Amino acid sequence: MASKAQKNRFLMCPPEFFAVEYEINPWMEGNRERTVLSQARDQWAALHHHMTQRAEVELVTPRQGVPDLVFTANAGLVLGKEVILSHFRHPERQAEEPYFKEWFESNGFKVTEMPSDIFFEGAGDALFDRDVDRLWLGYGWRTSLEACDFVGRTLNVEVVPLRLVDERFYHLDTCFCPLTGGFLIYYPNAFDARAQRLIEELVPAEKRFAVSERDAVHFACNAIDTGSAILMNNCTVELERCLTQWGFEVIRTSMSEFMMAGGACKCLSLRLNENRPERRAQAHKPEMARRTVSMEGHLLDNGLLARVMDLIIHMGGNFEVLEFRAGQRRDDKSIVRLLVTAISNDQLETILARLVDIGMQVEEGSQQEARLGVVDKDGVAPDDFYATTIFPTDVFVRGRWIRCTGQRMDGMIVVDDQHFTATIKLMRDLRRGERVVVGHDGIRIHPKKEKNAEKGEFSFMSSAVSSERRVEIAVEHVAWEMMQIRKRNGRIALVTGPVAVHTGGIEYLCRLVRKGYISTVLSGNALAVHDIERALYGTSLGVDLKRGTVVHGGHRHHLSAINTIRRHDGIRGAVEAGVLKSGLMYELVKNNIPYVLAGSIRDDGPLPDTLMDLVEAQRQYAQQLQGVEMILMLSTMLHSIGVGNMTPAGVKMICVDINTAVATKLADRGSVESVPVVTDVGLFLNLLSSKIEELSLEGPNGKA
Ligand code: NAD
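Residues numbered from 1 in each chain as written. Predicted model: local features only at pLDDT ≥ 70, side-chain atom pairs only at ≥ 80, totals over all residues. Heavy atoms only, no water.

Enquirer: Go over the overall build of the chain with me, naming the residues and quoting the values.
Expert: Within the chain, the secondary structure is distributed over 21 helices and 37 strands. Against the compact-globule benchmark of 27 Å for 704 residues, the chain has a radius of gyration of 34 Å, which places it well outside the compact range. Projected onto the principal axes, the alpha-carbon positions of the chain cover approximately 105 × 65 × 50 Å. The buried share among the 704 residues of the chain stands at 54%. Summarising the internal contacts of the chain: among those between residues at least 6 apart in sequence, 68% fall at separations of at least 24. Accessible area of the chain: about 30,500 Å², with a carbon and sulfur share of 49%. Taking the 82 positively charged and 93 negatively charged side chains of the chain as two groups, their mean positions are separated by 5 Å. (Helix = DSSP H or I, 4+ residues; strand = E, 2+ residues; numbered from the N terminus. Rg over C-alpha atoms; globule rule 2.2 N^0.38 Å. Buried < 20%, exposed > 50% of the residue type's maximum accessible area, 1.4 Å probe, protein only. Contact = heavy atoms within 4.5 Å. Areas by Shrake-Rupley, 256 points an atom, 1.4 Å probe, with all protein chains shown as cover. Lys, Arg positive; Asp, Glu negative; His and termini not counted. Charge placed at Lys NZ, Arg CZ, Asp CG, Glu CD.)

Enquirer: Could you give an account of the packing of aromatic side chains, with specific residues and numbers?
Expert: In total, this model carries 15 aromatic pairs according to the counting rule given. For the ring pair Y186 and F191, a centre distance of 6.5 Å and an interplane angle of 55° mean the geometry is tilted. Owing to a relative accessible area of 3%, Y186 belongs among the buried residues under this scheme. Relative accessible area serves as the criterion here: at 2%, F191 is assigned to the buried category. Grouping aromatic residues by their ring pairs yields a cluster made of W136, F176, Y186 and F191. Stacked on the ring of F183, the Lys or Arg K207 has its end atom at 5.1 Å from the ring centre. Looking at R486, its charged tip hangs above the ring of Y517, at a distance of 4.5 Å from the centre. (Phe/Tyr/Trp six-rings, centres within 6.5 Å; stacked < 30°, edge-to-face > 60°. Lys NZ or Arg CZ within 6 Å of the ring centre and 35° of its normal.)

Enquirer: Talk me through the environment of Y517; I want residue IDs and the actual numbers.
Expert: With respect to the helices and strands, Y517 occurs in the loop between α13 (506-514) and β30 (520-524). Considered as a pair, Y517 and R491 are 26 residues apart in the sequence and their alpha carbons are 8.0 Å apart. Y517 has contacts with M482, M483, R486, I492, L512 and I692, leaving out every residue within four places of it along the chain.

Enquirer: Any chance you could break down the nonpolar core for me, citing the residues and the numbers?
Expert: Membership of the largest hydrophobic core comes to 52 residues, with the highest contact counts inside it found for M482, I571, L632 and L688. Per-element accounting of this core gives the leading share, eight residues, to helix α11 (residues 467-487). In contact with L632, not counting residues within four places along its chain, are V478, M482, I492, A493, L494, V495, I518, I654 and L688. Ranked by size, the runner-up nonpolar core spans 40 residues in total, among them V293, L311, V336 and A422. (Core = buried A, V, L, I, M, F, W, Y, C linked by side-chain atoms within 4.5 Å.)

Enquirer: Talk me through a nonpolar patch on the surface; I want residue IDs and the actual numbers.
Expert: Together, L300, V321 and F324 make up an exposed nonpolar region whose accessible area comes to about 250 Å². Tracing the chain through its elements places L300 in the loop between β18 (289-297) and α9 (304-314). For L300, a relative accessible area of 47% corresponds to the partly exposed category. (Patch = residues over 30% accessible without salt bridge, like charges linked within 9 Å, V, L, I, M, F, W, Y side chains within 5 Å. Salt bridge = Lys/Arg side-chain N within 4 Å of Asp/Glu carboxyl O.)

Enquirer: Describe empty space enclosed by the protein, and please don't skip the residues or the numbers.
Expert: In this structure the tally under the stated criterion is four cavities of 30 Å³ or more. Within this model, the largest cavity holds a volume of roughly 250 Å³. L127, R130, K266, R271 and E274 are, among the 20 residues lining the largest cavity, the residues nearest its centre. Breaking the lining of the largest cavity down by element, the ones donating at least two residues are β3 (76-79), β6 (126-128), β10 (176-179), β13 (224-225) and β16 (270-271). (1 Å grid on protein atoms, 1.4 Å probe; cavity = no way out; pocket = protein on both sides within 12 Å on 5 of 7 lines; lining within 4 Å. Points joined across faces, edges and corners; volume = space filled by probe spheres on them.)

Enquirer: A description of the site of the ligand should follow, citing residues and the corresponding values.
Expert: What surrounds the ligand is a group of 22 residues, the closest being T636, L638, H639, D657 and D680. In this structure, D604 approaches the ligand through a side-chain N or O atom, which is 2.9 Å from a nitrogen atom. A distance of 3.1 Å separates a nitrogen atom of the ligand from a polar atom in the backbone of I658. The fraction of the free accessible surface of the ligand (850 Å²) that becomes covered by protein chains is 82%. When residues of the shell around the ligand are traced back to their parent elements, those giving at least two are α14 (525-537) and α19 (637-645). (Near = heavy atom within 4 Å. Polar contact = N/O pair within 3.5 Å; in protein donor to acceptor, adjacent residues only side chain to side chain.)

Enquirer: Can you break down the packing of α14 against helix α15 (residues 557-567) residue by residue, with the values?
Expert: Axis separation between α14 and α15 bottoms out at 9 Å; the angle between their running directions is 95°. Taken together, the axes of α14 and α15 are roughly perpendicular relative to one another. Here α14 contributes V529, I532, E533, L536 and Y537 to the contact with α15, which in turn contributes H557, H558, S560, A561, I562, T564 and I565. Counted by class, the contact of α14 with α15 contains seven nonpolar, four polar and one charged residues. (Axes fitted to C-alpha atoms, helices over the stretch in contact; angles between N-to-C directions. Parallel < 35°, antiparallel > 145°, perpendicular 65-115°, else oblique. Nonpolar A, V, L, I, M, F, W, Y, C, P; charged D, E, K, R; others polar.)

Enquirer: Kindly report on the pattern of salt bridges, identifying the contributing residues and their values.
Expert: All told, the structure shown has 40 salt bridges when counted by the stated rule. Where D192 meets R163, a salt bridge forms, and the shortest distance between an N and an O atom there is 3.5 Å. Of this pair, D192 sits in the loop between β11 (183-186) and α5 (193-202) while R163 is found in strand β9 (residues 159-163), placing the two residues 29 residues apart along the sequence. Assigned by exposure class, D192 and R163 land together as buried. Each of R291, R371, D384 and D441 takes part in one network of salt bridges that share partners.

Enquirer: So what's going on with the pairing of β9? Which residues, and what values?
Expert: Burial within β9 is extensive, with five of its five residues counted as buried. By the alternation rule, side chains of β9 split into V159, P161 and R163 and V160 and L162, which are all buried. Crossover handedness for the path strand β8 (residues 135-139) to helix α4 (residues 147-155) to β9: right-handed. (Right-handed = clockwise from strand over helix to strand, strands pointing away.)

Enquirer: Please set out the sheet that holds strand β5 (residues 110-112) residue by residue, giving values where relevant.
Expert: Strand order in the open sheet made by the three strands is β3-β4-β5, with mixed pairing throughout. Looking along the sheet, the strands with just one partner apiece sit at the ends: β3 and β5. Taking each pair of neighbouring strands and ignoring which way they run, the sheet shows an average axis angle of 20°. Here β3 pairs with strand β4 (residues 82-85) via four bridges, running antiparallel. (Pairing = 2+ DSSP bridges.)

Enquirer: Any details on the sheet that holds β16? Residues and values, ideally.
Expert: One open sheet accounts for three strands, arranged β2-β1-β16; its pairing is mixed. The open sheet has two edge strands, β2 (55-59) and β16, and neither has a second partner. Examined bridge by bridge, strand β1 (residues 8-12) and β2 share five bridges and lie parallel to one another. Pairing of R9 across the sheet is with E56, part of β2. This element, helix α1 (residues 37-54), spans β1 and β2 of the sheet and lies at about 135° to β2.

Here you go:
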């Protein structure tokens, strides 16, 4: 039951100069000059009437040029005879600050002003619990996260920070309304997951009601609690039923004019007789956590700094720039140091993990050593293990930076601090007693420079060129780079699937193998089966590859191909017996090019060469990928993703797929050197082989 109404005191401001004159929240958009003053006056008068029936109402003088002065909830936060004056985020509203200050001072309040770099929008974002001694504080859109500390210390009150994530509910009082007796109505989706959890933990289920979006957008949470009555714009019968059960009388009073500016009943009033409830809050201390991070590099020309800042805010933290030195010329490096703030150590750790992954370094006075945890069971990492990225990584151990070896993503860093080595291992390869990096201290990552479209390197990605021309340009680049790599005896890996056979691409792949462009082939059972079927019968899955027609009895061909290879104990046996005389697998055997065929659940046969032990297949793939400079990933999602995961940054991946989503997904797997090419793989191989022949003046077999 709500307690009996007491004479509350509120501050209001008549809407003499109210209008939507600017747009600083989504409700205002498109509503400039659309409010009707006479209607606003009537609606305000009706609310004022309801209020004066139940409470004392004081007025602040309306002023021209500050249309939102009418929203007195944002004047400040009152507690007893103290007030923390608001410091608005938007300059449009900062003009209200002196008027509210003047009113508070002339009415005997002790006014505290916010530091100029912390925004705080008063009782719009800070709401006292009506049952326990606790202040709920919304941040994210208007009020800064740092206001929690300042307000908590100034008023000596426990602050519960709640991050607001839906811009329609830009102030806490638009989506959260603590009521007499410890009840609460709120709109959960206006908050991030952590805030939702906190609310659920701190307010018993029987005392809170999650309003629907329908109630929320009608400003049902922007309600005034007079102790016995709830004044609000409107609400559904469900919400009314709940409030009535809790002992409140619901009074609806239309606020349509003020809603065009993003406010309703509660926004139009400020409670002046805030006294702390006697009941102490159940211990919940927000442990504001802070760490300094820094980064050096091309932060401006590749937009990295903007990305870092967005990421911190997006993840619910905040930052202060402690130092920023911009490079003077285009190629100069810039340096930035940021103080990152979060509302808990957990949240800070999550933010730091992301920042470290994109190249920031966590500082702590003097350089912090990497923290090491001991593996207590084979194949199991300590719980807070650090997971690696594809980028070159250093760890700071016993006063020295050590470069990790075996860089790949999703690995763990095993440190031997006697010999100063840091080795990246997969979880399953960890051994009891090994020491693994945990947390994010003492880790330095060297992300690669982002693609630079201006330099023309990736200009074929530009939307200004047609898709066919884009493929041609991509092929020109790839062909040229493959030739450079071959010239310096570098290694190129081919990862492909059976589509390369169906689309007629095998002949071109054979040429690339004969000319020495391919150093290793990583694939599955199907590529080999279909290539061999083609070599033995001229079909792929029973379809004549020359005519494109289904061959009578052809459905057996791939099984016969498998059977033949099994009879010879493998592909090499069939080549040596003179049974397999052409095709990609034949060329690989003849040219001594290693290949690894990894098994899958859909494999027919399988061929004796196919590794059905997937851990072993992964190991052999990784071994083959060592030292590779380029990977051609052609029309196989499965094997390309597998390969992408074990490849460090710096290796160029050419991801060819007919499906745009697959090509971009593969190319986006982290490596900035990756290039998506959306086209038919047969066509791509034809163009690639011809381009190489054209540029090198070589014939199909590599002879000039
Ligand atoms: P996948 O689905 O992982 O990849 C095939 C990709 O090819 C898709 O992304 C698709 O968009 C793309 N594609 C389709 N047509 C294309 C074209 N004309 N040009 C360019 N791209 C094109 O499938 P996968 O890698 O072929 O096979 C997955 C696993 O299943 C492999 O291990 C394979 O060996 C096995 N498999 C076995 C058999 C068999 O044993 N008979 C048959 C098929 C697949």
